[in-house]
Amino acid sequence: MLSRSDLADVPVSPAEVVRAVEDAYLALAAGESDNPRKLSVANPDGWSVAYAMLGRDGRRRVVAMKTSYKFDPGHDRSTKRYYTTITLYDDTTGAPIAMMDCARVGALRTPAVSALLVRETIRRDAESVLLIGTGTQGRNALPHLLAANPQLRTLMLYGTHPEGIEAVHRQLAAYQPHAVLENVDDPQAAARAADVVLATAGPGTEVALESEDLKPGSVAVLVGYGLAPSTLGDADRVVATSAEQMALTGVDMADEHGVLRGVDAELPQILNRRAVARRSQDERIFVYNSGLVLTDVAVAHALAQRAIAEGRGTEVALWD
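Rules behind the numbers
Residues numbered from 1 in each chain as written. Predicted model: local features only at pLDDT ≥ 70, side-chain atom pairs only at ≥ 80, totals over all residues. Heavy atoms only, no water. Patch = residues over 30% accessible without salt bridge, like charges linked within 9 Å, V, L, I, M, F, W, Y side chains within 5 Å. Areas by Shrake-Rupley, 256 points an atom, 1.4 Å probe, with all protein chains shown as cover. Salt bridge = Lys/Arg side-chain N within 4 Å of Asp/Glu carboxyl O. Helix = DSSP H or I, 4+ residues; strand = E, 2+ residues; numbered from the N terminus. Axes fitted to C-alpha atoms, helices over the stretch in contact; angles between N-to-C directions. Parallel < 35°, antiparallel > 145°, perpendicular 65-115°, else oblique. Left-handed = near helix turned anticlockwise from the far one by under 90°. Contact = heavy atoms within 4.5 Å. Expected span 1.5 Å × (residues − 1). Bend = angle between axes of the 7 residues up to and from the residue. Buried < 20%, exposed > 50% of the residue type's maximum accessible area, 1.4 Å probe, protein only. Arc of directions from axis to C-beta. Pairing = 2+ DSSP bridges. 1 Å grid on protein atoms, 1.4 Å probe; cavity = no way out; pocket = protein on both sides within 12 Å on 5 of 7 lines; lining within 4 Å. Points joined across faces, edges and corners; volume = space filled by probe spheres on them. Nonpolar A, V, L, I, M, F, W, Y, C, P; charged D, E, K, R; others polar.

Draft legend 1. Highlighting a nonpolar patch on the surface. Taken together, the side chains of Met-1, Tyr-89, Met-99, Val-316, Leu-318 and Trp-319 present a nonpolar region at the surface, about 590 Å² in accessible area. Structurally, Met-99 can be placed in strand β5 (residues 96–101).

Draft legend 2. Representation of the packing of helix α4 (residues 136–148) against helix α5 (residues 162–175) within the structure. One can describe the packing of α4 onto α5 by two numbers: an axis separation of 8 Å at closest approach and a directional angle of 25°. Relative to α5, the element α4 is oriented roughly parallel. Seen from above, α4 lies across α5 with right-handed handedness. Side by side, α4 and α5 meet where Gly-138, Arg-139, Asn-140, Leu-142, Pro-143 and Leu-146 of the first sit next to Gly-164, Ala-167, Val-168, Gln-171, Leu-172 and Tyr-175 of the second.

Draft legend 3. Structural context of α4. Between its first and last C-alpha, α4 extends 19 Å over 13 residues, near the 18 Å set by a 1.5 Å rise per residue. Maximal helix bending in α4 amounts to about 30°, located at Leu-142; proline Pro-143 follows within four positions. When you tally the buried positions in α4, you get 10 out of 13 residues, the bulk of the element. For α4, the set of buried residues is Gln-137, Gly-138, Asn-140, Ala-141, Leu-142, Pro-143, His-144, Leu-145, Leu-146 and Ala-148.

Draft legend 4. Summary view of the pattern of salt bridges. What the rule picks out here adds up to 20 salt bridges. The salt bridge involving Glu-16 is made with Arg-306; its shortest N-O contact spans 2.4 Å. With Glu-16 in helix α2 (residues 14–29) and Arg-306 in helix α10 (residues 293–309), this residue pair connects regions lying 290 residues apart in the sequence. Given a relative accessible area of 32%, Arg-306 falls into the partly exposed group. When the shortest N-O distance is used, the salt bridge between Asp-125 and Arg-123 registers 2.7 Å. What makes Asp-125 partly exposed here is its relative accessible area of 48%. When its relative accessible area of 17% is taken as the criterion, Arg-123 is described as buried. Each of the salt bridges in this network shares a partner with another, and the network as a whole consists of Asp-23, Glu-32, Asp-57, Arg-59 and Arg-60.

Draft legend 5. Quick peek at the environment of Phe-286. Turning to its location among the elements, Phe-286 is positioned in strand β13 (residues 285–288). For the pair Phe-286 and Ser-218, spaced 68 residues apart in the sequence, the C-alpha separation amounts to 8.7 Å.

Draft legend 6. Geometry of α5. Relative to the 20 Å expected for 14 residues at 1.5 Å per residue, α5 spans 21 Å between its end C-alpha atoms, a close match to the ideal helical length. Taken as a whole, α5 has its buried residues at Gly-164, Ile-165, Ala-167, Val-168 and Leu-172. Angular distribution of buried residues about the axis of α5 spans 160°; they occupy a single face of the element. The exposed set on the far side of α5, more than 90 degrees from its buried face, consists of Pro-162, Arg-170 and Ala-174. On its buried side, α5 packs onto β6 (128–132), α4, β7 (154–158) and β8 (181–183).

Draft legend 7. Highlighting the sheet that holds β13. Strand order across the open sheet formed by 8 strands is β8-β7-β6-β9-β10-β13-β11-β12, with parallel pairing between neighbours. Strands with a single pairing partner mark the edges of an open sheet, and in this sheet they are β8 and β12 (265–266). On top of the sheet, helix α3 (residues 103–121) reaches β9 (196–199), β10 (219–222), β11 (237–240) and β13; it is set at about 160° to β13, its chief contact. Of the strands in this sheet, β6, β7 and β8 touch α5, which is tilted by about 170° from β8.

Draft legend 8. The arrangement of the layout of surface pockets in detail. Put simply, the second largest pocket is a space of about 370 Å³. A per-element tally of the lining of the second largest pocket places β5 first, with 4 residues. Across the lining of the second largest pocket, the residue classes break down as 11 nonpolar, 3 polar and 3 charged.

Following this line, the structure appears as structure tokens:
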């Protein structure tokens, strides 16, 4: 059993996480792994929602089950409860590897996916990025983004929580000590100058950039909140990690008629060169980052291996 504290400081670099996530996508695109559709159940009054996700990583020979549960009766931070776990099994021996808290896994996996999505969709001369949001995803976004896109040198941040802004700067400095990050007060103006917009804000944000705020040839990546539906509807091209997942979780980006625009290309097929991400340098591309459990498996397996090797966690005789 690996708790949140067991995993909190297990060393792993952004570049390693990006490589692990890319390898998981390539294995899926090659037909070596399986990622079935997630199951969900929600309280009819909207108090809670739970998900279950099963995946088989054919390259690592690992099978895993991830579960998540969010309890949010008051729709504010004081009442919200969120728990996510993943259980790994060795598919060569049949033995369980670990049951572990999945908070850090998600905190690392998601920005690594964004980094790959940006790498595959940005125009050749891209050099600037606007990050919106300073929560968990915002704090981890830039180190992973720069690990895959070192040419991005003009870094801008919009946030409203001083402690979150400070945390984003601190996290970036830990991995990129020479990077310069500018705080901006006007996200619309900053977006008009940015080659990449990375929207990681929480649901309470007042920012909702419209398509007219985006620079020609830019990439807008939706991870959390911060983009209005027009950025999807008016985009020249739409890329997603999974069209199926976007149809399931991206309904808030539907147009005024309730129609959610379709996906032109998915990341696994782009990575193995079976699909094209960008067709011209002038296209504005909307990117939807939704989770595939195989990326959780890859990151969780790497963390579990290191944690167990260091003697962390508690060995339990659960099946004896």
